[in-house]
Amino acid sequence: MFRLLAWLLAWIVAIFCSAWAFGAIYYDFPAVRQMAAGIFVLILLVAVIFVRGKLLKLAAVFAAFALVLLWWFTLKPGNDGPWPPDVAETAWAEINGDEVTINSVRNCDYRTETDFTTHCEKRTVRLSQIAGLDIAIMYWGSPYMAHPIASFRFADALPICFSIETRKRIGQEYSALRGLYRQYTLIYIVADERDSIRVRTNYRHGEDVYLYHIVASPAETRERFLEYLNALNTLHTHPLWYNAITTNCTTNIRTQRPILKRIPWDWRILVNGKADELLYERHLIATGGLPFAELKQRSHINERARAADQDPDFWRAIREDLPQGK
């Protein structure tokens with residue numbers, strides 16, 4: 001029985017690896033992708049039918065997978081491409097002591113979700129004036145999947161958002177399946193809140209946005225800000241592939257931290273629609289003493305954002321009545 005279960009497990013793993021390799025060729029092969037994927041399946045069938053011996057059959061399947069994997073790792077991302085205007089520029093930062101200048105901060109002028117004028121600005125802020133960090137979590141359907149945006153507040157400047165997203169080329173649409181392969185690069189969009197947050201509350205239909213204050217000391221908040229800047233500058237010169245499981249909008253918030261300072265792994269880092277619940281349990285967001293369900297209801301900002309659509313103090317209006325203390 002043990003040997004039977006071991007063989008069954010081995011073949012399940014082999015089938016999974018073969019399916020992934022088929023997808024890698026189908027989506028990422030540079031030319032005649034469908035034909036190449038078909039040839040790969042044919043090679044697997046020939047190996048399974050004609051190779052003698054159970055162990056050799058299994059070895060042949062894993063060898064085919066390994067060859068595809070080795071080729072796949074040779075694919076390199078780049079910053080050159082036909083990008084839509086909202087992701088045409090990658091932001092980068094200059095740090096000079098207390099002063100930080102961020103180039104290509106996005107501040108789009110939206111008329112509808114798809115009709116907008118892209119503006120990219122240069123903004124200078126001071127580390128000593130960081131007043132706090134908030135996390136906005138966006139839902140567009142399933143309560144289990146969401147998109148987080150970190151927003152840093154300043155005592156003497158408007159907040160600055162960081163949104164970790166896929167950088168899609170012109171004509172590409174996002175697909176979770178394609179996100180498992182090398183179809184998109186990763187981009188850190190640095191933006192004004194009236195861009196990154198307002199487009200989701202006021203112009204996209206069916207999105208709900210929840211805003212929470214992160215509990216952190218000024219020194220910890222400055223440290224987190226510098227982590228984002230370091231990741232930003234690295235991506236500006238060394239592009240990185242997006243991956244729906246390993247390198248995405250939530251995992252990168254964790255992995256950009258020094259290893260010893262990362263929060264312990266939790267399934268809700270992947271099923272990130274439950275990320276606010278995770279933050280609540282670990283006392284990382286301000287609760288005002290409220291139970292989680294009431295806190296989440298209070299943190300829903302869509303109505304406040306719509307009412308403050310053209311208000312220069314949009315950032316202040318969306319934070320009205322948010323709990324401050326632990």
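Look up: the structure comes first, before these words.
Residues numbered from 1 in each chain as written. Predicted model: local features only at pLDDT ≥ 70, side-chain atom pairs only at ≥ 80, totals over all residues. Heavy atoms only, no water.

Colleague: An account of the overall build of the protein chain is needed here, citing residue identities and associated values.
Modeller: The helix and strand inventory of the protein chain stands at eleven helices and ten strands. Overall size of the protein chain, expressed as C-alpha extent along the three principal axes, is 75 × 45 × 40 Å. Looking at the protein chain residue by residue over its 326 residues, the buried ones come to 45%. Across the protein chain, every contact between residues at least 6 apart in sequence was considered, and the portion connecting residues at least 24 apart equals 66%. Of the accessible surface of the protein chain, which amounts to about 17100 Å², a share of 62% is contributed by carbon and sulfur atoms. Here the protein chain contributes 37 positively and 34 negatively charged side chains, and the mean placements of these two sets differ by 11 Å. (Helix = DSSP H or I, 4+ residues; strand = E, 2+ residues; numbered from the N terminus. Buried < 20%, exposed > 50% of the residue type's maximum accessible area, 1.4 Å probe, protein only. Contact = heavy atoms within 4.5 Å. Areas by Shrake-Rupley, 256 points an atom, 1.4 Å probe, with all protein chains shown as cover. Lys, Arg positive; Asp, Glu negative; His and termini not counted. Charge placed at Lys NZ, Arg CZ, Asp CG, Glu CD.)

Colleague: Quick rundown of helix α2 (residues 33-50)? Include the residues and the values.
Modeller: The end-to-end C-alpha separation of α2 is 26 Å, in line with the 26 Å expected for 18 residues at 1.5 Å each. On its buried face, α2 sits against α1 (2-28) and α3 (54-72). (Expected span 1.5 Å × (residues − 1).)

Colleague: Let's hear about the pairing of strand β1 (residues 92-96): which residues, and what values?
Modeller: A regular strand places its side chains on the two faces of the sheet in alternate fashion. Examined bridge by bridge, β1 and strand β2 (residues 99-106) share five bridges and lie antiparallel to one another. Across the sheet, isoleucine 95 pairs through a bridge with valine 100, a residue of β2. Counted between consecutive antiparallel strands, the loop separating β1 from β2 contains two residues, among which glycine 97 sits at a positive phi close to 65 degrees. (Pairing = 2+ DSSP bridges.)

Colleague: So what about the packing of α1 against α2? Which residues, and what values?
Modeller: Interhelical geometry of α1 versus α2 gives an angle of 155 degrees and a closest axis separation of 7 Å. With respect to each other, α1 and α2 are oriented roughly antiparallel. Between α1 and α2 lies a crossing of right-handed hand. Residue-level contacts link Trp11, Ser18, Ala21, Phe22, Ile25, Tyr26 and Tyr27 of α1 to Arg33, Gln34, Ala36, Ala37, Phe40, Val41, Leu44 and Val48 of α2. In terms of residue class, the contact of α1 with α2 is built from twelve nonpolar, two polar and one charged. (Axes fitted to C-alpha atoms, helices over the stretch in contact; angles between N-to-C directions. Parallel < 35°, antiparallel > 145°, perpendicular 65-115°, else oblique. Left-handed = near helix turned anticlockwise from the far one by under 90°. Nonpolar A, V, L, I, M, F, W, Y, C, P; charged D, E, K, R; others polar.)

Colleague: Please give an account of the nonpolar core that cites residues and values.
Modeller: Ile102 and Phe225 are the most contacted members of the largest nonpolar core, which totals 39 residues. Residue contributions to this core peak at six residues, all from helix α6 (residues 218-237). Residues Leu44, Phe65, Trp72 and Leu75 belong to the second largest nonpolar core, which totals 20 residues. (Core = buried A, V, L, I, M, F, W, Y, C linked by side-chain atoms within 4.5 Å.)

Colleague: So what's going on with the packing of aromatic side chains? Which residues, and what values?
Modeller: Here the structure, examined in full by the defined rule, presents 22 aromatic pairs. Between phenylalanine 162 and phenylalanine 225, the ring centres sit 5.9 Å apart and the planes meet at 75 degrees, which makes this aromatic pair edge-to-face. Of this pair, phenylalanine 162 sits in strand β8 (residues 160-167) while phenylalanine 225 sits in helix α6, placing them 63 residues apart in sequence. Each of the two residues, phenylalanine 162 as well as phenylalanine 225, counts as buried. By way of ring pairs, the aromatic residues Trp20, Phe22, Tyr26, Tyr27, Phe65, Trp72, Phe73 and Tyr181 are connected into one cluster. One residue, arginine 33, lies across the ring of tyrosine 26, its end atom 5.7 Å from the ring centre. (Phe/Tyr/Trp six-rings, centres within 6.5 Å; stacked < 30°, edge-to-face > 60°. Lys NZ or Arg CZ within 6 Å of the ring centre and 35° of its normal.)

Colleague: Explain the packing of α1 against α3 residue by residue, including any values.
Modeller: Two numbers describe how α1 lies on α3: the axes approach to 9 Å, and their chain directions differ by 30 degrees. In the packing of α1 onto α3, the handedness of the crossing is left-handed. Taking contact as the criterion, the partners of Trp7, Ala10, Trp11, Val13, Ala14, Cys17, Ser18, Trp20, Ala21, Ala24, Ile25 and Asp28 in α1 are, on α3, Lys54, Leu55, Lys57, Leu58, Val61, Phe62, Phe65, Val68, Leu69, Trp71 and Trp72. Considering only residue class, the contact of α1 with α3 consists of 19 nonpolar, one polar and three charged.

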